[in-house]
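# Structural characterization, general
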Amino acid sequence: QPLTLPQLEDPSEADERLAAEEEAFDTKLQVIFCSRTHSQLAQVLHEIQRIPKDSVPEQLSVVTLGARSNLCVNDSVRARAHSGAMHLNDLCKKATEKSKEVGGCILKKQAHNLADAALTQLMDIEAMVKRARAPVGGGCPYYGSRQAAREADVLLVPYASLVNNDTRRKLGIRTKGNVLIFDEAHNLLEAISDANSVSFTSVQARVAVDDLDIYAARYEARLSPGNAMRLRQVRQFCTLLHRHLAGLEKSSAQTVGAFLVSISADHFDLPVLSRFLEETELPRKVRGYVAAVRVSIGSASSSASSSSVYRIAELLGSLNGSTGSDRILCQAKGPDCDAPMVRYLSLDAEVRFRELFSSARAILFAGGTLEPRSEFAPLYAGLSAKTDAVDQVHHFSGRHVVPSAHIFARYVTHGPTGQALDFRKDQRGTSAMVSELKAILSSAALSAPGGAIFFFPSFDFLAAVAPPSGSKIGGRCVFVETRGAENGGEGIFRSFAAAVRRDGGAVLLAVNGAKLSEGIDFKDDLCRLVVVVGLPYPNASDLGLLEKMRFLDRCRAEGAPGLSGKEFYTARCMKGVNQCIGRSIRHAGDWAAILLLDHRYANAAINNSVSLWLREEATAANFSETDRAMRAFYKGRAAAVATAAASVAAAVAA
């Protein structure tokens, strides 16, 4: 019988089939899971991996998106990116455009290998990087994950990739018809504001003027008349901005219009200038040319030079998309500001969130500290215009998963000598308060098995109390969080964890609201004691905070839902307290003691904002009473653990 070859597919039919597949991916239902950091997203992926296979859809695909700074595996390109993430982005684009030349990068052409792997295996950022470096089947994880994103069932992304419209579009993240989950959602409103705000210093303004002058001297004559004019306008804008900041003596907040008038820049066509910078990729070209010029004359390129024109592009883009509620903060040089700077502050989270809200199929806010709920009301205020608005918003709050016997909680109102504990800013530095606190630190650290973590209201106060490096408290090694710690304090955390496992305990002194107070998993012996020192109210004189409070008060006066300025101020403080508390007791079998040090915690107006699960267990007491009861708690837990271990051993023996 003659061999029959399969009939070839008609080209037009193949095109139609591919088009249908493309259209199917454009309407595919996806779950987009957001959190603050990649380490938190890695934890989510780990939990997905623990789900029994018969409980999840077959071939469930989960893809993590990250920046080049997380995913680039071209060591040559990374080595030359000495000026941060934006420089790496430039070098990556240049290397992939010239992949066949010396210094080029061919990994983008192999990105499909990583796309296939990401869709068939559950990989976090580290796993993708490791796979990308494989001699066979490797490729670019940055472009590979982006290719895989449209086909994925679940996308894991950081907040900043989703809540900024421009970033979301550049990454190709589609929200229409999809389910959005915001984990650690107590950070959401702040994340929306931060992702849509931008700052620019007088140093960057001066460098931007210089860099644009160098570039213009070489290329302006080659540009079209229109582009040459716009280049001159960008230079003029930078000059006006630098002149304004150089003469700034007093900090102030202005509307966008008033700011432009104050620097004599109200005549510029901001949409045209912003589009010019984006379409011509001028920031990348200026950076590349100026860096080459500086190398040729033996001059080092500063970080300000690396980002100056990029920052101008961001500022112009923000000014162009501003709302009437947004403010420009002009901050003079001072203790909290090394150089005069201008900051575009996005205040109205609802406006920025509206596109996500209107396009998504469903949105979930999840977290352990979402009170007060009214803070989130502005995000879904648009529902009031829809039918059955009440039925579209659902609240659920679960009980804690651990039994009461696993929790020891006290509001400690008085110290070991009977002195009332008062850690308000004007009182906490007194010799009496410092003496009481040091006695509590020593005694509590000695009592606690495993790790003891103390959270301070500020780095300055921590520095005043912390012992010298290498010292011990209660016989335990001490580790101190530092301002601006590398890798978000992960090095300190690893050293602390190693000491706990090696010595049976250690002491960590950290700061409320800093890196170690959120998103770190201090489970089991890593945290058997959490102590929160004082109430971490934000700086009441902070210009941005004051503008936010005024904005909320205006909204409240107009009848809009949400917090008042004062309520927002208090909520910021108590969220910090609850986040610190949440570093302990990370699973159903975990246990810990939690102490809140300050007489104000005994006030119902304060402790009503403490997490419900802790509030139900906490009572007010002085430290002497607390210390005795805490030692009894630890003794009881040790006995319970020993009994449980004996039962397991007996069961195994049987």
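In this report, we go over the structure that sits alongside the text. (Residues numbered from 1 in each chain as written. Predicted model: local features only at pLDDT ≥ 70, side-chain atom pairs only at ≥ 80, totals over all residues. Heavy atoms only, no water.)

Time to look at empty space enclosed by the protein. Scanning the entire structure with this criterion turns up two cavities of 30 Å³ or more. Taken as a whole, the largest cavity spans an internal volume of roughly 80 Å³. Along its surface, the largest cavity is lined by 13 residues, and Cys72, Asn74, Cys92, Cys105 and Cys140 are the ones closest to its centre. Looking at the lining of the largest cavity, the elements with two or more residues in it are helix H5 (85-97) and helix H8 (141-149). At three residues, H5 tops the list of elements feeding residues into the lining of the largest cavity. Per-class residue counts for the lining of the largest cavity are 10 nonpolar, two polar and one charged. (1 Å grid on protein atoms, 1.4 Å probe; cavity = no way out; pocket = protein on both sides within 12 Å on 5 of 7 lines; lining within 4 Å. Points joined across faces, edges and corners; volume = space filled by probe spheres on them. Helix = DSSP H or I, 4+ residues; strand = E, 2+ residues; numbered from the N terminus. Nonpolar A, V, L, I, M, F, W, Y, C, P; charged D, E, K, R; others polar.)

Turning our eyes to something else, we now look at helix H24 (residues 565-581). For H24, spanning 17 residues, the distance from its first C-alpha to its last is 25 Å, which sits close to the expected 24 Å at 1.5 Å a residue. Among the 17 residues in H24, 13 count as buried, and that is most of the element. (Expected span 1.5 Å × (residues − 1). Buried < 20%, exposed > 50% of the residue type's maximum accessible area, 1.4 Å probe, protein only.)

Let us look at the environment of Phe33. On the secondary structure map, Phe33 appears in strand E1 (residues 31-35). When its relative accessible area of 15% is taken as the criterion, Phe33 is described as buried. Taking the C-alpha atoms as reference, Phe33 lies 29 Å from Val530; in sequence the two are 497 residues apart. Sequence-distant contacts of Phe33, that is, excluding residues within four places in its chain, are made with Leu41, Val44, Leu155, Leu156, Val157, Ile181 and Asp183. (Contact = heavy atoms within 4.5 Å.)

Moving on: the pairing of strand E4 (residues 179-182). The side chains of a regular strand alternate between both faces of the sheet. Residues Val179 and Ile181 point to one face of E4 and Leu180 and Phe182 to the other, with burial holding for every one of them. Looking at chain direction, E1 and E4 are connected through four bridges and run parallel. Within the sheet, the bridge partner assigned to Cys34 lies in E4 and is Phe182. Pairing between E4 and strand E9 (residues 362-365): four bridges, direction parallel. (Pairing = 2+ DSSP bridges.)

Moving on, we get to the packing of aromatic side chains. Here a ring pair, both rings aromatic, is described through the centre-centre distance and the interplanar angle of the planes. In the structure shown here, the tally under the stated rule is 21 aromatic pairs. Summarising the aromatic geometry, the rings of Tyr142 and Tyr143 are spaced 5.0 Å apart at their centres and angled 80° between planes, so their arrangement reads as edge-to-face. Of the residues examined, Tyr143 reaches a relative accessible area of 12% and is grouped as buried. With a centroid separation of 6.0 Å and an interplanar angle of 55°, the aromatic rings of Phe182 and Phe365 are classed as tilted. Residue Phe182 is located in strand E4, and its partner Phe365 is located in strand E9; the two are separated by 183 residues in the primary sequence. Here the aromatic cluster, defined as three or more aromatic residues joined through ring pairs, consists of Tyr159, Phe182, Phe353, Phe365 and Phe376. A cation sits over an aromatic face here: Arg528 above Trp591, 3.9 Å from the ring centre. Across from the ring centre of Phe568, 6.0 Å away, lies the NZ or CZ of Lys548, which sits over that ring. (Phe/Tyr/Trp six-rings, centres within 6.5 Å; stacked < 30°, edge-to-face > 60°. Lys NZ or Arg CZ within 6 Å of the ring centre and 35° of its normal.)

Everything listed here is a matter of geometry and, on its own, says nothing about what the molecule does.
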